Amino acid sequence: MITGPQMRAARALLSIDQKTLAQLAGLSVPTIQRMEAGSGNVRGVVDSLTKVVAALERAGIELIGEGSVSTASGRGVRLKAPPPEH
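Residues numbered from 1 in each chain as written. Predicted model: local features only at pLDDT ≥ 70, side-chain atom pairs only at ≥ 80, totals over all residues. Heavy atoms only, no water.

Under the annotation held in an unreviewed UniProt entry, the protein chain carries the name XRE family transcriptional regulator and is attributed to Roseovarius indicus.

### A look at the overall build of the protein chain
Stated formally: Strands here are runs of E lasting at least two residues and helices are runs of H or I lasting at least four, both read from the DSSP assignment and numbered beginning at the N terminus. Within these notes, the globule rule equals 2.2 Å times the number of residues to the 0.38 power, and the radius of gyration is based on C-alpha atoms. Burial classes: relative accessible area under 20% of the type maximum marks a residue as buried, over 50% as exposed, and values in between as partly exposed (1.4 Å probe, protein chains only). By definition, residues are in contact when any of their heavy atoms lie within 4.5 Å. Exposure was quantified through the Shrake-Rupley algorithm and a 1.4 Å probe, taking into account, for residues, occlusion by the shown protein chains and nothing else. Note on charges: Lys and Arg go in the positive column, Asp and Glu in the negative column, and His and the chain ends are not counted at all. Charged side chains are reduced to one point each, which is NZ for Lys, CZ for Arg, CG for Asp and CD for Glu.
On a plain count of helices and strands, the protein chain comes out with four helices and zero strands. In the protein chain, the succession of α and β elements from N to C terminus is α-α-α-α. Its C-alpha radius of gyration of 13 Å places the protein chain within 12% of the 12 Å reference for a compact globule of 86 residues. Based on the C-alpha atoms only, the size of the protein chain along its principal axes is roughly 45 × 30 × 20 Å. A buried classification covers 27% of the 86 residues belonging to the protein chain. Put simply, 61% of the contacts in the protein chain that link residues at least 6 apart link residues at least 24 apart. In the structure as shown, the protein chain presents an accessible area of about 6,200 Å², 54% of it carried by carbon and sulfur atoms. Across the protein chain, 10 positive and 7 negative side-chain charges occur, with their mean positions spaced 4 Å apart.

### Remarks on the side chain of Arg11
Mapped onto the fold, Arg11 is located in helix 1 (residues 4-14). With residues up to four places along the chain from it excluded, the contact list for Arg11 reads Ile16, Asp17, Gln18, Leu21 and Glu36.

### Section: the environment of Leu21
Looking at the element boundaries, Leu21 is found in helix 2 (residues 18-25). Residue class for Leu21 comes out buried when judged on its relative accessible area of 0%. For the pair Leu21 and Ala55, spaced 34 residues apart in the sequence, the C-alpha separation amounts to 7.6 Å.

### Things to note about the environment of Ser28
Put simply, the rule is: Polar contact is the term for a pair of N or O atoms within 3.5 Å; when the atoms are in protein, one must be able to donate a hydrogen and the other to accept it, and sequence-neighboring residues count only if both atoms are side-chain atoms.
If you trace the backbone, Ser28 turns up in the loop between helix 2 and helix 3 (29-37). Sequence separation between Ser28 and Ser48 is 20 residues; the distance between their C-alpha atoms is 9.8 Å. Within polar-contact distance, the side chain of Ser28 engages the side chain of Thr31 at 2.8 Å.

Structure below.
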């Protein structure tokens, strides 16, 4: 659904800190910190994850899944797959 790096990138695009995201999502700062700590998909309580995604979307973030096409307008950033190693 969302990865730790996506959460950090979304906050950077919004110019907000973890405390502000926690407030927007109605969660605690330690919960946001745990969610952002990993490099892969965020694991944890589905309700907390849903709150974060909804808060980011309300703030104007479009989360783009692996291989998905972005249909929204506006500027954005997407992480390309790393080139294969030889």
